[in-house]
Amino acid sequence: EAGVTQSPTHLIKTRGQQATLRCSPISGHTSVYWYQQALGLGLQFLLWYDEGEERNRGNFPPRFSGRQFPNYSSELNVNALELEDSALYLCASSLRQGTLSGANVLTFGAGSRLTVL
Amino acid sequence: SQQGEEDPQALSIQEGENATMNCSYKTSINNLQWYRQNSGRGLVHLILIRSNEREKHSGRLRVTLDTSKKSSSLLITASRAADTASYFCATDSWGKLQFGAGTQVVVTP
């Protein structure tokens, strides 16, 4: 069974450009999470999609946006890139939407490293 | 902003020793999870403890949870060089998982 796949592995952009990152979840998983990990830092929650809808959003400006497609794959777009957007962007998928009795165990992809020059 | 904070930030031990790291969080949770990350790659899930549980074991891992103190600890017994990694706690607040800054563990032979 294929794991969570992310593309591209590396991406180099210049300030002001746009970046698009893609994620394919594990087959059968309906939830996709996006996290930003700047060098040497922890994971900052970006976005959570489930069943095609945005369920929650982290404390990031509107130029960070995304969507989830009918096949549950997802795309993260970052507009008007700034130098501080340079980071590892991690996508994760899970089987269940959060409920009182359920639990989301995340399976992560290897990440997309974005460098903004 | 981080929901959880790990302590210590870094830990250096020798093979065979135990490694203990702690996580404190701020809000009510459904469960708390621990993940491992090797060299800036994707994270791997280690263990989950629900809010109504106090202790859980998995192999060489032991996790405790104290909801009154909003804290958790991860103990790795008889550490190996392969345990060298960053360890993160993640709090699950009904679907939204937030991670701490992590504890970097180095195990030397």
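Residues numbered from 1 in each chain as written. Chains lettered and ligands numbered in written order. Predicted model: local features only at pLDDT ≥ 70, side-chain atom pairs only at ≥ 80, totals over all residues. Heavy atoms only, no water.

Novice: Lay out the nonpolar core with the relevant residues and their values.
Specialist: Among the nonpolar cores identified, the biggest contains 22 residues, and B:Met21, B:Leu32, B:Trp34, B:Leu74, B:Ile76 and B:Tyr87 are the most heavily contacted of them. Every element with two or more residues in this core is listed here: β2 (10-14), β3 (19-24), β4 (31-37), β5 (43-50), β7 (61-66), β8 (71-76), β9 (85-93) and β11 (103-108) of chain B. Residues in contact with B:Leu74, not counting those within four places in the same chain, are B:Ala19, B:Thr20, B:Met21, B:Trp34, B:Leu61, B:Arg62, B:Val63 and B:Tyr87. Within the second largest apolar cluster, 21 residues are counted, among which are A:Val32, A:Leu46, A:Phe64 and A:Cys91. (Core = buried A, V, L, I, M, F, W, Y, C linked by side-chain atoms within 4.5 Å. Buried < 20%, exposed > 50% of the residue type's maximum accessible area, 1.4 Å probe, protein only. Helix = DSSP H or I, 4+ residues; strand = E, 2+ residues; numbered from the N terminus. Contact = heavy atoms within 4.5 Å.)

Novice: Talk me through the packing of aromatic side chains; I want residue IDs and the actual numbers.
Specialist: Tallying each qualifying case throughout the model produces nine aromatic pairs over all chains. Ring centres of A:Tyr33 and A:Tyr35 lie 6.4 Å apart, and the angle between their planes is 10 degrees; on these two criteria the pair is classed as stacked. Seen in terms of ring centroids, A:Phe108 and B:Tyr35 are 5.8 Å apart; in terms of plane orientation they differ by 85 degrees. Their pairing is edge-to-face. Linking A:Phe108 in strand β10 (residues 107-108) with B:Tyr35 in strand β4, this pair reaches from one chain into another. (Phe/Tyr/Trp six-rings, centres within 6.5 Å; stacked < 30°, edge-to-face > 60°.)

Novice: Provide a residue-level description of the environment of A:Lys13, including the pertinent values.
Specialist: Residues and elements named next belong to chain A. Mapped onto the fold, Lys13 is located in strand β2 (residues 10-13). For Lys13 and Trp48, which are 35 residues apart along the polypeptide, the C-alpha to C-alpha distance reads 25 Å. Not counting the four nearest positions on each side in its chain, Lys13 is found in contact with Gln18, Ala19, Leu81, Leu114, Thr115, Val116 and Leu117.

Novice: Now, about the side chain of A:Ser73: what can you tell me, with residues and values included?
Specialist: Residue and element names in this part refer to chain A. Residue placement: Ser73 occurs in the loop between β7 (64-68) and β8 (74-78). Classification of Ser73 as buried rests on a relative accessible area of 13%. A polar contact of 2.7 Å, which involves the side chain of Ser73, links it to the side chain of Asn71. When near neighbours in sequence (up to four residues on either side) are disregarded, Ser73 contacts Cys23, Ser24, Pro25, Arg67 and Gln68. (Polar contact = N/O pair within 3.5 Å; in protein donor to acceptor, adjacent residues only side chain to side chain.)

Novice: Which residues make up the side chain of A:Glu75, and what values go with them?
Specialist: Position of A:Glu75 among the secondary structure elements: in strand β8. At 3.5 Å, the side chain of A:Glu75 forms a polar contact with the side chain of A:Asn77.

Novice: Explain the pattern of salt bridges residue by residue, including any values.
Specialist: Residues and elements named next belong to chain A. Enumeration over the complete set of coordinates arrives at eight salt bridges over all chains. Linking Asp50 and Arg55 is a salt bridge whose minimum nitrogen-to-oxygen distance equals 3.7 Å. For Asp50, a relative accessible area of 1% gives the class buried. Overall, the relative accessible area of 32% leaves Arg55 in the partly exposed class. By sharing partners, the salt bridges in this structure join Arg22, Arg67 and Glu75 into a single network. (Salt bridge = Lys/Arg side-chain N within 4 Å of Asp/Glu carboxyl O.)

Novice: Break down unusual backbone geometry for me, with residues and values.
Specialist: Following A:Ser7, the chain continues to A:Pro8 via a peptide bond in cis, the omega torsion being -5 degrees. You can see A:Pro8 is positioned in the loop between β1 (5-7) and β2. Residue B:Pro8 follows B:Asp7 across a cis peptide bond; omega there is 0 degrees. Relative to the elements of secondary structure, B:Pro8 occurs in the loop between β1 (5-7) and β2. Of note, B:Lys70 is a non-glycine position whose phi angle comes to about 50 degrees, a positive value. Among the secondary structure elements, B:Lys70 is positioned in the loop between β7 and β8.

Novice: Tell me about the layout of surface pockets, and please be specific about residues and values.
Specialist: All names here are of chain B. Space inside the largest pocket adds up to approximately 490 Å³. Those elements that place two or more of their residues in the lining of the largest pocket are β9 and β11. With four residues, β11 is the largest single contributor of residues to the lining of the largest pocket. Taken together, the residues of the lining of the largest pocket sort by class into nine nonpolar, 13 polar and two charged. (1 Å grid on protein atoms, 1.4 Å probe; cavity = no way out; pocket = protein on both sides within 12 Å on 5 of 7 lines; lining within 4 Å. Points joined across faces, edges and corners; volume = space filled by probe spheres on them. Nonpolar A, V, L, I, M, F, W, Y, C, P; charged D, E, K, R; others polar.)

Novice: So what's going on with the sheet that holds β7(A)? Residues and values would help.
Specialist: Residues and elements named next belong to chain A. An order of β1-β3-β8-β7 is seen for the four strands of this open sheet, with the pairing classed as antiparallel. Pairing within the sheet leaves two strands with one partner each, and these edge strands are β1 and β7. Averaged over neighbouring strand pairs, the angle between their axes works out to 15 degrees when direction is ignored. Sheet topology note: the β1/strand β3 (residues 19-24) ladder contains three bridges and is antiparallel. Note that in β3 the partner of Thr5 across the bridge is Ser24. (Pairing = 2+ DSSP bridges. Axes fitted to C-alpha atoms, helices over the stretch in contact; angles between N-to-C directions.)

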